[in-house]
Amino acid sequence: SVAMRHVSVLGRHVTILDAPGHKDFVPEMISGAAQADVAILVVSAGTGEFEAGFDRDGQTREHAVLVRSLGVRQLLVVVNKLDLAQWSRFRFDEIRQKLLPFLKKIGFKERDIRFVPCSGLAGQNVVAKDGIDEGLRAWYQGPTVAEAIRDFQDADRVLDFPVRVGMFDMYKSGSSVMVGGRIEAGTLRRGYKIIAMPSAAVATVKGITLRGAPVQVCGAGAQVELQLGDLDDPSVLTPGTVLCDPEKPVRVVMRFRVQLLTFDLRVPLVSGSDITLYTYTASEPATVSKLRALLDPATGEVVQRKPRCVGKYSTAIVDVTISRPVCLELYRQVRSLGRVALRDRGTTIAAGTVVGVPRSPFDE
């Protein structure tokens, strides 16, 4: 699972989500990344250790791809264990020069990427600059890890939209149901009626806990624990559930249109390709049902309509069909609920944004 801790970093309150790194736990990592505004990618400077994570099937690559595909724009790369390389500037620059082109290729902008060296075990350049080894001080005058976290830019919040709460955890406490989640849009108040989609079960928000303290109201971006009452069947609260405004609920779809960026595909995507779809906290078997267009990645203009296939590192518009309903929004309305990742045989092959869904009765 994903460990969560609320901490204060140099006066700035942050919620740290520690996602598992092993390949077998990528679905859990996706769940953590879906909740994140920014990301910290920790790589090892140990001999052969960075290379093992960065080869074609390494988890360094896939984790970077996943956090970008799930909407993270700011990335801090922590080059850990640099003390094992005697604080070598050459080793630090070598890792940076290998990672940076790849990160830019998958969609990060160079201005949003920061590289910081440290030794976590020795506590070097983690929080304070006092006592930093002379070997590092000789060439590095940048921020510590804590300073880099403090300096992340604030994320945009969607407040002028009906409330949307992505659910990540659920357990029973007496007669109440406790739900852990993140408010992705709008504002939630104690006493509100909410509807859990796609099951359409209705409940009442009996209490809201933020950072361990009860609150009456909370807005987009907050990691909260909700006490729900008047819920007939708690078993409907499954992964992928979105709690929302009963009068303006989230879209529930089985077919949608997405603008994709493909990665290092072993086999091109064709109409009929079977994949596993990840949307926020849901994962479902899916099919690429139609290839609509190939786009120029720089301008977004259509360069070919109805292509026969989509190759690696291409941008395309495709239709995706699933067998069970999932909750989605258009990316332009609620970004976190409008992103998808496609995986095949244990590898992330593409990611994209939802650009078309069946019309909702609440559309203006």
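Everything below is about the structure printed above this text.
Residues numbered from 1 in each chain as written. Predicted model: local features only at pLDDT ≥ 70, side-chain atom pairs only at ≥ 80, totals over all residues. Heavy atoms only, no water.

Focus on the overall build of the chain
Then, in step 1: Of regular secondary structure, the chain possesses six helices and 21 strands.
Then, in step 2: Taken over the C-alpha trace, the chain has a radius of gyration of 22 Å; the compact-globule value for 364 residues is 21 Å, and the two agree within 12%.
Then, in step 3: In terms of overall dimensions, the chain has a C-alpha envelope of 65 × 55 × 35 Å along the principal axes.
Then, in step 4: Expressed as a percentage of its 364 residues, the buried residues of the chain come to 48%.
Then, in step 5: At a minimum sequence separation of 6, the contacts of the chain that also span at least 24 residues come to 67%.
Then, in step 6: Once the 47 positive and 40 negative side-chain charges of the chain are each reduced to a mean point, those two points are 5 Å apart. (Helix = DSSP H or I, 4+ residues; strand = E, 2+ residues; numbered from the N terminus. Rg over C-alpha atoms; globule rule 2.2 N^0.38 Å. Buried < 20%, exposed > 50% of the residue type's maximum accessible area, 1.4 Å probe, protein only. Contact = heavy atoms within 4.5 Å. Lys, Arg positive; Asp, Glu negative; His and termini not counted. Charge placed at Lys NZ, Arg CZ, Asp CG, Glu CD.)

Quick look at the sheet that holds strand β4 (residues 74-80)
Then, in step 1: Spatially, the three strands line up as an open sheet ordered β3-β4-β5, and their pairing is parallel. The open sheet is flanked by β3 (38-44) and β5 (113-117), the only strands paired with a single partner. Each strand axis lies, on average, 20 degrees off the axis of its neighbour in the sheet, ignoring direction.
Then, in step 2: Of the pairings in the sheet, the one linking β3 to β4 comprises seven bridges and is parallel in character. Looking across to β4, one finds that Ala-39 is bridged to Leu-75.
Then, in step 3: Packed onto the sheet, helix α4 (residues 89-105) meets β3, β4 and β5 and runs at close to 160 degrees relative to β5. (Pairing = 2+ DSSP bridges. Axes fitted to C-alpha atoms, helices over the stretch in contact; angles between N-to-C directions.)

Re a positive patch on the surface
Then, in step 1: Taken together, Arg-73, Lys-109, Arg-111 and Arg-335 make up a surface patch of like positive charges.
Then, in step 2: Within the secondary structure layout, Arg-111 lies in the loop between α4 and β5. (Patch = residues over 30% accessible without salt bridge, like charges linked within 9 Å, V, L, I, M, F, W, Y side chains within 5 Å. Areas by Shrake-Rupley, 256 points an atom, 1.4 Å probe, with all protein chains shown as cover. Salt bridge = Lys/Arg side-chain N within 4 Å of Asp/Glu carboxyl O.)

Some words on the packing of helix α3 (residues 59-69) against α4
Then, in step 1: Running from N to C, α3 and α4 point in directions that differ by 35 degrees, and their axes come no closer than 10 Å. Regarding α3 and α4, the two cross each other, and that crossing is right-handed. Contact with α3, carried on its side by Thr-60, Arg-61, Ala-64 and Val-65, involves Leu-99, Phe-102 and Leu-103 of α4 and no other residues of that element.
Then, in step 2: A per-class count over the contact of α3 with α4 returns five nonpolar, one polar and one charged. (Left-handed = near helix turned anticlockwise from the far one by under 90°. Nonpolar A, V, L, I, M, F, W, Y, C, P; charged D, E, K, R; others polar.)

As for unusual backbone geometry
Then, in step 1: Residue Pro-198 is bonded to the preceding Met-197 through a cis peptide linkage, with omega at 15 degrees.
Then, in step 2: Mapped onto the elements, Pro-198 comes out in the loop between β9 (193-197) and β10 (201-210).
Then, in step 3: Of note, Asp-230 is a non-glycine position whose phi angle comes to about 60 degrees, a positive value.
Then, in step 4: Judged by its relative accessible area of 49%, Asp-230 is partly exposed.

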